[in-house]
Amino acid sequence: MSVVIAPGPTETQALVDASGLGKSYPKVFRNTDRLRAMGGLLLGRGNRDGVSVLRDVDMVVNRGQSVGIIGENGAGKSTLLKLISGVLTPTSGQVRVAGRVGALLELGAGFHPEFSGRDNVMMAATLYGLTAAELRDRLPGIIEFADIGDYIDEPVKHYSSGMIVRLGFAVIAALRPDLLITDEVLAVGDESFQKKCVQWLERYLGDGGTLLLVSHSMYHVQKLCQRACWLRDGTVAMQGDVFDVTQAYLAYHERKAARTEAPTENRATIEFTVDQFEINGQTGSQPVLIEFGSTLEIRVCIHSRDCRVPVLLIGILRGDGTAIYGFSSETDEVAIASEGSSGDYRFAIELADLQLLPGSYTLRAHAADSEGLRLFDTAIRDVTIRGSTREMGMIRLPHRWIEHHQIEVGESESTPDPHKMAAS
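A. Region of the structure containing the packing of helix H3 (residues 117–127) against helix H4 (residues 132–146). At a closest axis distance of 11 Å, the pairing of H3 and H4 adopts a crossing angle of 130°. Relative to H4, the element H3 lies oblique. Note on packing geometry: the crossing formed by H3 with H4 is right-handed. Here Arg118, Val121, Met122, Ala125 and Thr126 of H3 lie close against H4, whose contacting residues are Leu135, Leu139, Ile142 and Ile143.

What follows is the structure, given as structure tokens:
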């Protein structure tokens, strides 16, 4: 149950090594709860009946890695960062941190509201260990990076949340710590400052810096991080490659928002039923994992109660229910033959070189009557497309760049130089 700040890191040493990390708080709804919690602490019994916000977290972050911490509100992300940065003491387990840590956690944390921005920068830099000479050299760069104008000499209590983040990030940018910990910094501030922060972070990581980033923006996590850790209800739901983890997290949210409980029916009375729905050889209800650009094979068996030929409709939807593509055996004029007199009709479809972008999708197989007018039964399977592309949307469209050249000063955009076009 400890936080250890070790000497500076070596090339092979882990910057962060957390084992069995946990944090709980006592229940203090009434005055008696506070007295009981204080008594437990004095007697060394801890918070036996406390509320656990983080449990059994194991994490290793090596020098030069960038790790995104993702999860819903209340999942324990900020608590984990505070434990790693030493702001909080763990209730269970331990975390070892090697090297100098720069933390941007809560807005305004560490800033005195009555002091000016300039004074707060000087105090923060001193606390981080800068000498008077180092501070004198770096102060102009810090003020320039913050870019808050004359407010630098105004009390911080007059600052907006965006201005506070600007000031805090400017201090961190000047220090270049071994480990940078940020909590939703990119969610505050205007577009130009966010762009400046991202550019600085990319340079910092390119120079071998180490980053722990909490963000609800999967775009920023995928752009800046190599790995990700998904926290759910205080425990690690998944950690690993950033694209694998973020896609699983987005799929979880899409299904959570879209899935509704379907009413149950007596299937024995339905004229057409979907008895089998197989994707790439996999049956059951578990989501199917498919690599981007690979082949998707669908096999469906529809049972017809009176042996009339059914129509099969296939629908592909995004995880949130947005329709992407649909087709049917009727519109494709597929000839269907039954298996003897059993009333079972089998369909097999292949979608080669699948161009659905990485993400979560739902496939639906509908059993309709012979005319394709009435739907009688529906089977649903979840599919996750896996890949590392940063394209946007749902589907890849073939494209190529046919013009790309730099317009020089004095050159008209409407009349590009054909010689420069050829050179490009």
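B. Layout of the nonpolar core. Grouped together as the largest cluster of nonpolar side chains are 47 residues, with contacts concentrated most on Leu167, Phe169 and Trp200. Mapped by element, the contributors of at least two residues to this core are H3, H4, helix H5 (161–175), helix H6 (191–206), strand S8 (210–214), helix H7 (218–224), strand S9 (227–232) and helix H8 (242–258). A total of 11 residues in this core trace back to one element, the largest contributor, which is H5. Contact partners of tryptophan 200, with chain neighbours within four places excluded, come to Phe145, Phe169, Ile172, Ala173, Arg176 and Leu180. Ranked by size, the runner-up nonpolar core spans 30 residues in total, among them Ile290, Ile298, Ile316 and Leu356.

C. Geometry of the sheet that holds strand S6 (residues 101–104). Taking strand neighbours across the sheet as the criterion, the six strands line up as S6-S7-S8-S4-S9-S10 in an open arrangement whose pairing is mixed. Single-partner strands in this sheet number two, and they are S6 and strand S10 (235–241). Taking the axes of each pair of neighbouring strands and ignoring which way they run, one obtains an average angle of 15° across the sheet. Pairing of strand S4 (residues 66–70) with S9 involves four bridges; the strand directions are parallel. By the bridge assignment, isoleucine 69 is partnered in S9 with cysteine 229. Contacts from H5 reach S6 and strand S7 (179–183) within the one sheet, and its direction differs from that of S6 by about 165°.

D. Representation of the packing of aromatic side chains in the model. If you walk through the whole model with that rule in mind, you get seven aromatic pairs. Relative to phenylalanine 169, the ring of phenylalanine 145 has its centre 5.9 Å away and its plane inclined at 10°; by these criteria the two rings are stacked. One end of the pair, phenylalanine 145, is in helix H4; the other, phenylalanine 169, is in helix H5, with 24 residues separating them in the sequence. When sorted by exposure, phenylalanine 145 lands in the same class as phenylalanine 169, which is buried. Measuring from ring centre to ring centre gives 5.7 Å for tyrosine 325 and phenylalanine 327, while their planes differ by 40°; the resulting arrangement is tilted.

E. Just the sheet that holds strand S13 (residues 296–304), in detail. Taken together, three strands build an open sheet; the order of strands is S11-S13-S16 and the sheet is antiparallel. Edge strands, defined here as strands with exactly one partner in the open sheet, are strand S11 (272–279) and strand S16 (344–351). With direction set aside, neighbouring strand axes in the sheet form an average angle of 20°. As defined by bridge partners, S13 adjoins S16 across eight bridges and the pair is classed as antiparallel. Following the sheet pairing, glutamate 297 is matched in S16 by glutamate 350.

F. Up close: a negative patch on the surface. Residues Glu330, Asp332, Glu333 and Glu371 make up a contiguous surface patch of negative charge. Of the residues examined, aspartate 332 reaches a relative accessible area of 47% and is grouped as partly exposed.

G. Fine view of the environment of glutamate 202. If you trace the backbone, glutamate 202 turns up in helix H6. It is 9.8 Å that separates the C-alpha atoms of glutamate 202 and cysteine 225, two residues lying 23 residues apart in sequence. The contacts of glutamate 202, once residues within four sequence positions are left out, are Lys223 and Leu224.

Each value, and the rule that gives it
- Residues numbered from 1 in each chain as written.
- Predicted model: local features only at pLDDT ≥ 70, side-chain atom pairs only at ≥ 80, totals over all residues.
- Heavy atoms only, no water.
- Axes fitted to C-alpha atoms, helices over the stretch in contact; angles between N-to-C directions.
- Helix = DSSP H or I, 4+ residues; strand = E, 2+ residues; numbered from the N terminus.
- Parallel < 35°, antiparallel > 145°, perpendicular 65-115°, else oblique.
- Left-handed = near helix turned anticlockwise from the far one by under 90°.
- Contact = heavy atoms within 4.5 Å.
- Core = buried A, V, L, I, M, F, W, Y, C linked by side-chain atoms within 4.5 Å.
- Buried < 20%, exposed > 50% of the residue type's maximum accessible area, 1.4 Å probe, protein only.
- Pairing = 2+ DSSP bridges.
- Phe/Tyr/Trp six-rings, centres within 6.5 Å; stacked < 30°, edge-to-face > 60°.
- Patch = residues over 30% accessible without salt bridge, like charges linked within 9 Å, V, L, I, M, F, W, Y side chains within 5 Å.
- Areas by Shrake-Rupley, 256 points an atom, 1.4 Å probe, with all protein chains shown as cover.
- Salt bridge = Lys/Arg side-chain N within 4 Å of Asp/Glu carboxyl O.
- Lys, Arg positive; Asp, Glu negative; His and termini not counted.
- Charge placed at Lys NZ, Arg CZ, Asp CG, Glu CD.

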